[in-house]
Amino acid sequence: MKRVAYAFAFVVCPLAVALTYGQQKTAESAPRSQSGLELSAIDRSADPCTDFYQYACGAWVANNPIPPDRSRWGRFDELQDHNNEILRKVLDAAAASPSGDNQKIGDYYASCMDESAINAKGVAPLAPLFSKIDAVKSAADLAPVVAALHTLQVNVLFGFGSEADFKDASLQMAIADQGGMGLPERDYYLRTDDKSAALRTQYVAHVGKMLALAGAPPDQAAGAAQKVMAIETALAKGALDVTTRRDPTKVYHKLTPPELQALTPQFQWQKYFEGIGAPPIYALNVTEPDFFKAMGQLLASTPIDDLKTYLRWQLIHSSAVILPAAFVNENFAFYGKALTGAQELRPRWKRCVQYTNGDLGEALGQAFVKDAFGPEAKADTLKMVHEIESALDKDIQSLSWMTPKTKEEALVKLHAVSDKIGYPDKWRDYSALTIVRGDALGNSERANAFEFHRQLAKIGKPTDKTEWEMTPPTVNAYYNPLENNINFPAGILQPPFYNAKNDPAVNYGAAGAVVGHELTHGFDDQGRQFDSRGNLKDWWTPQDASAFTERAQCFVNEYSNFTAVDDLKLNGKLTLGENTADNGGLRLALMAYMATTATKPATLDGFTPEQRFFLGFGQIWCEHSRPEIARMLAQTDPHSPGKARVNGVVSNMPEFAKAFSCKADAPMVRQTQCRVW
Ligand SMILES: [Zn+2]
């Protein structure tokens, strides 16, 4: 549930960030338009050439206030809610008569829903782990305890798992990464502005309250929280920021275990490896050696009692959402309210659906696919994917800025992309995972351990490219640069992204843009550093690489001028890959649409085919956000907010200006139009 498998930020390029907090109500169904566009979303008083986002989405935003239990509300959330309603029915039925294939999801969900049983147990289920922490006498004893916590995916101090070797992506290797922080990102500990300082004060208060809830004497809890903050700040100082971590060369350092031991003499790595039950490790990616040096120094210079307090906090924090109500509420008060601006906790069933999906997603997903994703949708999507791939083929061949040698390499990479649509061919086998009715925390811990061991078992083995990193009901998509594949879960191949009944212009503008986005990731500033087999290998001539960088800089400049909230601008470098994918993706989708033989009625709902295409695109990004989360996302999320994703792209396209007859000096016609792909 709560903690997803240890995720490495640079591994996959999702379409949008997944938010844990907030949730919504069911969308009202308006009468269907001829094209499938959401006519009631359009603000007819706005001028599409002045602010296309306002035109496409203005009425939707005005008529769909952010629900109190959400920090952001948009079309993605609306659809995820719809998908969750389907999952709820499946889970209610499974919980009522758990048997056979449905025993695990039924008992997991029922246990999560049984709040009174959870409240009655208090923190007793954590007692064995608290005792392990209490028994630590010195820093030298830490490794086995850290191993026990990591097995439950309580990522104290650092993160550990498996990942394809960047230089030989056909093989999996062990990876040790920065981690151990409770705030979203290292700069949260280091920024000096008033808002950041105030948030840190709230965070320390939150840590103190959680420690007190778990039994720390109230007069000591506040002081203990300060010690936790000092430890996490020291880890942050050794860590890289989110923007730097997008550069694969900055997070790949292949070391042997003795080399890692030399970096961190204060930590007994061999005992750690034994503790987690790792297979033999001959080399591992120590993403950031300086982080591990800093961690070692921290272990040497911090009193052991403070380190034990830190471990206790991280354990409580990681388990909070499945502990008694007091913990859930205090966790929400900081992570839901203070950090993201949500006003109310989500209803319990919504949280339990999410946790079941997180822990048993490929068991639950089978029922979702049966209900919501037929062979026709799969065949249709695949056809569109192939058309968009051939659009990129034509685009690469016609580029003015790329030399023939690099073009040849780019085409090799494009032709090697594999397409994964809907759901895995082979479902994950959960038979080794025990789910017990009435043991919500135990179920969560066993699921976390199951996933952690599943990841460790890959070390030294060939990469399995058929595996999915998202569950079928997920409203998202991703490109994996280490596998060179694009992945579209069944959850996103639904209205408003795709509908068999839609005018094709709308489907190409919406689902087509999503497909184009993921495909372009293989060729953005990050993806272009990997070759057709997923290896980190430079296949660009220096001349072409510098032409790319020059063109990409145009996006950096463009998006750095968008305001996220108040006086905070978007980070054009952090969002470069996503913005490149958005721009390339829509252009490819348009090329594919223009090339299809599908009927293109001259007018539908009063719009031309090109207008319907751009509106179909614009309307998937209708959303609004509370200021708290807008700030958090601008500081951590590589994706731009909806308005920038729409206006930032269309203002770069002469085809858009033509479709809406915009004048040359209109705000939606940028004087310097950026284009890479
Ligand atoms: Zn993306």
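Throughout this description, residue numbers start from 1 for each chain and increase along the sequence as written. Local features in this predicted model are restricted to residues whose pLDDT is 70 or higher, and side-chain atom pairs enter the listing and the counts only when it is 80 or higher, whereas totals over whole chains, interfaces and linings include all residues. Calculation of side-chain values draws on the structure's entire complement of heavy atoms; hydrogens and water are dropped beforehand.

Some remarks on the nonpolar core
Here comes step 1: For this analysis, a nonpolar core means a set of buried residues of the types Ala, Val, Leu, Ile, Met, Phe, Trp, Tyr and Cys, connected via side-chain atoms within 4.5 Å. Residue burial is assigned from relative accessible area. The probe radius is 1.4 Å, only protein chains are included, and a residue is buried under 20% of its type maximum, exposed over 50%, and partly exposed in between. Among the nonpolar cores identified, the biggest contains 200 residues, and Phe-52, Phe-158, Phe-160, Tyr-272 and Phe-614 are the most heavily contacted of them.
Here comes step 2: By size, the runner-up hydrophobic cluster in this structure holds eight residues, among which are Phe-166, Ala-169, Val-251 and Leu-482.

Details of the packing of aromatic side chains
Two aromatic rings are characterised by how far apart their centres lie and by the angle between their planes.
Here comes step 1: Under the pairing criterion, centres of Phe, Tyr and Trp rings, with the six-membered ring standing for Trp, must be within 6.5 Å; the plane angle then separates stacked pairs below 30 degrees from edge-to-face pairs above 60, leaving the rest tilted. Using the criterion set out here, one finds 44 aromatic pairs in the structure.
Here comes step 2: Measuring from centroid to centroid gives 4.9 Å for Phe-267 and Trp-269, while their planes differ by 70 degrees, and the two rings are edge-to-face. Considered together, Phe-267 and Trp-269 belong to a single accessibility category, that of buried residues.
Here comes step 3: Ring centres 6.4 Å apart and planes at 50 degrees place the aromatic pair Phe-548 and Trp-677 in the tilted group. A residue pair is termed long-range when its members are at least 10 positions apart, and Phe-548 in helix H20 (residues 542-560) and Trp-677 in the segment after helix H25 (654-659) qualify at 129 residues.
Here comes step 4: The exposure class of Phe-548 is buried, given its relative accessible area of 2%.
Here comes step 5: An aromatic cluster is defined as three or more aromatic residues linked by ring pairs; in this entry it consists of Phe-52, Tyr-55, Tyr-508, Tyr-593, Phe-613, Phe-614, Phe-656 and Phe-660.
Here comes step 6: Comment: the charge-over-ring label is applied if NZ (Lys) or CZ (Arg) is within 6 Å of the ring centre and within 35 degrees of the ring normal. We note Lys-378 situated over the ring of Tyr-423; from NZ or CZ to the ring centre the distance is 4.4 Å.
Here comes step 7: The ring centre of Tyr-593 lies 5.2 Å from the NZ or CZ of Lys-600, which sits over that ring. Per the convention used, a helix needs a DSSP run of H or I reaching at least four residues, while a strand needs a run of E reaching at least two, with both numbered from the N terminus.

Section: the state of the cysteines
Here comes step 1: Any two cysteine sulfur atoms within 2.5 Å of one another count as a disulfide. Summed over all chains, the structure comprises four disulfides.
Here comes step 2: Each sulfur in the disulfide pair Cys-49 and Cys-662 lies 2.1 Å from the other. The sign of the -85 degrees torsion about the S-S bond sets the Cys-49-Cys-662 disulfide as left-handed. Here Cys-662 lies in the segment after H25 and Cys-49 lies in the loop between strand S1 (13-14) and helix H1 (52-63), a separation of 613 residues in the sequence. Cys-662 shares its class with Cys-49; the two are buried.
Here comes step 3: A sulfur-sulfur distance of 2.1 Å marks the disulfide that ties Cys-112 to Cys-352. With the S-S bond torsion at -80 degrees, the cross-link from Cys-112 to Cys-352 turns out left-handed. Remark: Cys-352 occurs in helix H15 (residues 348-372) and Cys-112 occurs in helix H3 (residues 103-113); sequence separation between them is 240 residues.
Here comes step 4: With a relative accessible area of 1%, Cys-112 lands in the buried category.

Concerning helix H8 (residues 194-213)
The periodicity of an α-helix, 3.6 residues per turn, causes residues three or four positions apart to be oriented the same way.
Here comes step 1: For H8, with 20 residues, the first-to-last C-alpha span of 29 Å sits near the 28 Å given by 1.5 Å per residue.
Here comes step 2: Considered for burial, the residues of H8 that qualify are Ser-196, Leu-199, Arg-200, Tyr-203, Val-204, His-206, Val-207, Gly-208, Met-210 and Leu-211.
Here comes step 3: Buried positions along H8 lie against helix H7 (187-190), helix H9 (218-238), helix H13 (304-319) and helix H14 (325-338).
Here comes step 4: By the criterion applied in these results, polar contacts are pairs of N or O atoms within 3.5 Å in which, for protein atoms, one can donate a hydrogen and the other can accept it, and in which residues neighboring in sequence qualify only through two side-chain atoms. Here H8 starts with a cap whose side-chain oxygen sits 3.3 Å from the backbone nitrogen of Lys-195, and that cap is Asp-193.
Here comes step 5: Among the residues trailing H8, Gly-215 stands out with phi positive, at a value near 120 degrees. Expected helix span is taken as 1.5 Å per residue step, with the number of steps being one fewer than the number of residues. Only heavy atoms matter for contacts: two residues are in contact if any of them lie within 4.5 Å across the pair.

Let's talk about the sheet that holds strand S5 (residues 254-255)
In a beta sheet, neighbouring strands pair by backbone hydrogen bonds and run either parallel or antiparallel.
Here comes step 1: Being paired, for any two strands, means DSSP has found at least two bridges between them. With mixed pairing, four strands are arranged side by side in an open sheet as S3-S4-S6-S5. Here the strands that pair on one side only, and so sit at the sheet edges, are strand S3 (158-165) and S5.
Here comes step 2: Only the stretch in contact is used when fitting a helix axis, every axis being a line fitted to C-alpha atoms; angles between N-to-C directions are given from 0 to 180 degrees. The strands touched by helix H12 (residues 289-301) are S3, strand S4 (168-178) and strand S6 (284-286); relative to S4, the strand with the most contacts, the crossing angle is about 35 degrees.

Some points on the packing of helix H19 (residues 504-521) against helix H22 (residues 609-620)
Here comes step 1: Where H19 meets H22, the closest approach of the two axes is 7 Å, and the angle between their N-to-C directions is 45 degrees. If you check the angle between H19 and H22, you find them oblique. For H19 against H22, the interelement crossing comes out right-handed. Contact residues: H19 offers Ala-505, Val-506, Tyr-508, Gly-509, Ala-510, Ala-513 and Val-514, while H22 offers Pro-609, Arg-612, Phe-613, Gly-616, Phe-617 and Ile-620.
Here comes step 2: Any residue outside Ala, Val, Leu, Ile, Met, Phe, Trp, Tyr, Cys, Pro, Asp, Glu, Lys and Arg is labelled polar, Gly included; the first ten of those are nonpolar and the last four are charged. Grouping the amino acids of the contact of H19 with H22 by side-chain chemistry returns 10 nonpolar, two polar and one charged. Oblique is the label for any angle not under 35 degrees, not over 145, and not in the 65 to 115 range, which are roughly parallel, roughly antiparallel and roughly perpendicular in turn. Handedness of a crossing follows from how the near helix is turned relative to the far one, being left-handed for an anticlockwise turn of less than a right angle and right-handed for a clockwise one.

Focus on helix H5 (residues 127-134)
Here comes step 1: Within H5 the residues assigned to the buried category are Leu-129, Phe-130 and Ile-133. Relative to the axis of H5, the buried residues are bounded by an arc of 100 degrees and lie together on one face.
Here comes step 2: As for H5, its buried residues are in contact with helix H6 (142-151), H13 and helix H18 (440-456). Here the arc refers to the set of directions running from the helix axis out to each C-beta atom.

As for the side chain of Ser-33
Here comes step 1: Within the secondary structure, Ser-33 sits in the loop between S1 and H1.
Here comes step 2: Of the polar contacts made by the side chain of Ser-33, one reaches the backbone oxygen of Leu-37; its length is 2.6 Å.
Here comes step 3: In this structure, Ser-33 is in contact with Leu-39 and Asp-605, ignoring residues within four places of it in sequence.

Considerations on the confidence of the model for the protein chain
Here comes step 1: Each residue carries a pLDDT score, the predictor's confidence in it, ranging from 0 to 100. Of the residues in the protein chain, 96% reach a pLDDT of 70 or more, and the chain-wide mean stands at 95.
Here comes step 2: Considering only residues more than four positions removed or in separate chains, one finds that residues 1-11, a stretch of pLDDT under 50, has 52 contacts.
Here comes step 3: Low pLDDT (under 50) marks residues 20-28, which in the prediction has 35 contacts with non-local residues, meaning those over four places away or in another chain.

Things to note about unusual backbone geometry
Here comes step 1: Residue Pro-496 is bonded to the preceding Pro-495 through a cis peptide linkage, with omega at 5 degrees.
Here comes step 2: In this structure, Pro-496 sits in the loop between strand S9 (485-489) and H19.
Here comes step 3: Within the chain, Gln-153 stands out as a residue other than glycine whose phi angle is a positive 65 degrees.
Here comes step 4: Structurally, the position occupied by Gln-153 is in the loop between H6 and S3.
Here comes step 5: Located in the positive-phi region is Asp-605, a residue other than glycine, with phi close to 55 degrees.
Here comes step 6: Its place among the elements puts Asp-605 in the loop between helix H21 (576-595) and H22.

Concerning the pairing of S9
Consecutive side chains of a regular strand alternate in pointing toward one face of the sheet and then the other.
Here comes step 1: Burial analysis of S9 places five of its five residues in the buried class, the great majority of the element.
Here comes step 2: By the alternation rule, side chains of S9 split into Asn-485, Asn-487 and Pro-489 and Ile-486 and Phe-488, which are all buried.
Here comes step 3: The turn linking strand S8 (residues 478-480) back onto S9 is made up of four residues, and Asn-484 within it adopts a positive phi angle of 50 degrees.

What to know about the side chain of Lys-407
Here comes step 1: Counting through the fold element by element, Lys-407 comes out in helix H17 (residues 404-416).
Here comes step 2: An unpaired buried charge is present at Lys-407: no salt bridge exists, and Asp-544, the closest side chain of opposite charge, is 8.5 Å distant.
Here comes step 3: Ignoring anything within four residues of it in the chain, the contact list for Lys-407 reads Ile-396, Gln-397, Ser-398, Leu-399 and Met-402. In this tally, Lys and Arg are treated as positive and Asp and Glu as negative; His is ignored, and so are the chain termini. Here, a salt bridge means any Lys or Arg side-chain nitrogen found within 4 Å of an Asp or Glu carboxyl oxygen.

Details of the pattern of salt bridges
Here comes step 1: Inspection of the entire model under this criterion finds 32 salt bridges.
Here comes step 2: Across the pair Asp-525 and Arg-246 runs a salt bridge, and its minimum N-O distance is 3.0 Å. Of this pair, Asp-525 sits in the loop between H19 and H20 while Arg-246 is found in the loop between H9 and S5, placing the two residues 279 residues apart along the sequence.
Here comes step 3: Salt bridges sharing common partners tie together Glu-362, Arg-428, Glu-451, Arg-454, Lys-458 and Glu-467.

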